[in-house]
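These are the residues of each chain, in order.
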Amino acid sequence: MSPIQQARFLLSAATVQDFPSEAGPELAFAGRSNVGKSSAINALAGRRRLAFSSKTPGRTQTINFYALGDAGRLADLPGYGYASVPQALRASWDALIGGYFMGRRTLAGVVVLMDARHPLTKNDRNFLEWLRPAPAPRLVLLSKADKLSRAERAKTLAATRAALDAAALSSEVLVFSSNSGEGVDEARAQLERWLANKKPPEKGN
Ligand code: GDP
């Protein structure tokens, strides 16, 4: 069985101090709120209710960590881009996510969910820019692709690839739907490659 299908909830961290120790390669999942991130994690894990989305802006934001058998970990980051988020909450998001990407030496790759109907929103671009210094590969999943026709799916895929290349934000891009299953096996295979290829950080660094 794929390690991703062995995902098991570990803990929720509201601050950097709560993060579990670095143990094995880690996959991070990000995306704006309501983009379909929880559904994607559940589809990849082959489970119905492993990951939950926190619907209410203003609630405590946490990174939810999952163990992937003994192959590594998965970190589900809080959604970005609530228009109405108060300044204090935005600052705590920055500290939590900033602390994560600056410090996590076991990071093996970052999955960024974007809505296939309107990818690369301002918030998506800001997040990718902000992620630029992180030394990990990225995979963009164009979510809810079942809402598009076949021709529209091909068009959004090509346009997103071209826009990312133009911005020198190199990423793999896949059309994805938790509902139809499109892209699920391909995405899981990519994540497994990341887990298998990530070298452990050198001790003492
Ligand atoms: P999150 O906030 O990013 O974790 O988003 P969720 O996974 O909770 O999904 C947000 C909404 O989008 C829910 O109403 C889901 O049913 C819906 N959704 C998620 N994935 C898909 C998909 O692949 N296709 C369609 N049509 N809807 C989806």
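This section reports on the structure supplied with the text.

### A closer look at the overall build of the protein chain
Item 1. Helix and strand content of the protein chain: five helices and seven strands.
Item 2. Along the protein chain, from the amino end to the carboxyl end, the secondary structure elements read β-β-α-β-β-α-β-α-β-α-β-α.
Item 3. Computed over C-alpha atoms, the radius of gyration of the protein chain comes to 16 Å, within 12% of the 17 Å expected from 2.2 N^0.38 for 205 residues, which places it in the range of a compact globule.
Item 4. In terms of principal-axis extent, the alpha carbons of the protein chain reach across some 50 × 45 × 35 Å.
Item 5. Restricting the contact set of the protein chain to residue pairs at least 6 apart, pairs at least 24 apart contribute 76%.

### Digging into helix H1 (residues 37-45)
Item 1. Burial within H1 is extensive, with eight of its nine residues counted as buried.
Item 2. For H1, the set of buried residues is Lys37, Ser38, Ala40, Ile41, Asn42, Ala43, Leu44 and Ala45.
Item 3. In this structure, the buried residues of H1 make contact with strand E1 (7-13), strand E2 (26-31), strand E4 (72-76), strand E5 (107-115) and helix H5 (184-197).
Item 4. Positioned one or two residues after H1, Gly46 has a phi angle of 70 degrees, which is positive.

### Notes on the side chain of Glu26
Item 1. Residue placement: Glu26 occurs in strand E2.
Item 2. At a separation of 2.6 Å, a polar atom in the side chain of Glu26 contacts the side chain of Tyr100.

### Quick look at the pairing of strand E6 (residues 138-143)
Item 1. Of all six residues making up E6, six are buried, and the element is well covered by its neighbours.
Item 2. The two faces of E6 match: Arg138, Val140 and Leu142 on one face and Leu139, Leu141 and Ser143 on the other face are all buried.
Item 3. Relative to E6, E5 runs parallel, the two sharing six bridges. Bridging from a neighbouring strand, Val110 pairs with Arg138 of E6.
Item 4. With helix H3 (residues 122-131) bridging E5 and its parallel neighbour E6, the resulting β-α-β unit is right-handed.
Item 5. Bridging between E6 and strand E7 (residues 172-175) involves four bridges; their strand directions are parallel. If you follow Leu139 over to E7, its bridge partner there is Glu172.
Item 6. Between the parallel pair E6 and E7, the chain is carried across by helix H4 (residues 150-166), and the sense of this crossover is right-handed.

### Observations concerning the pattern of salt bridges
Item 1. Under the counting rule described, the total for this entry stands at eight salt bridges.
Item 2. In this structure, Glu182 engages Arg153 in a salt bridge whose closest nitrogen and oxygen atoms are separated by 3.0 Å. In this pair, Glu182 is assigned in the loop between E7 and H5 and Arg153 in helix H4, connecting sequence segments 29 residues apart.
Item 3. Overall, the relative accessible area of 18% leaves Arg153 in the buried class.

How each quantity is defined
Residues numbered from 1 in each chain as written. Predicted model: local features only at pLDDT ≥ 70, side-chain atom pairs only at ≥ 80, totals over all residues. Heavy atoms only, no water. Helix = DSSP H or I, 4+ residues; strand = E, 2+ residues; numbered from the N terminus. Rg over C-alpha atoms; globule rule 2.2 N^0.38 Å. Contact = heavy atoms within 4.5 Å. Buried < 20%, exposed > 50% of the residue type's maximum accessible area, 1.4 Å probe, protein only. Polar contact = N/O pair within 3.5 Å; in protein donor to acceptor, adjacent residues only side chain to side chain. Pairing = 2+ DSSP bridges. Right-handed = clockwise from strand over helix to strand, strands pointing away. Salt bridge = Lys/Arg side-chain N within 4 Å of Asp/Glu carboxyl O.

Structural measurements only, silent on function.
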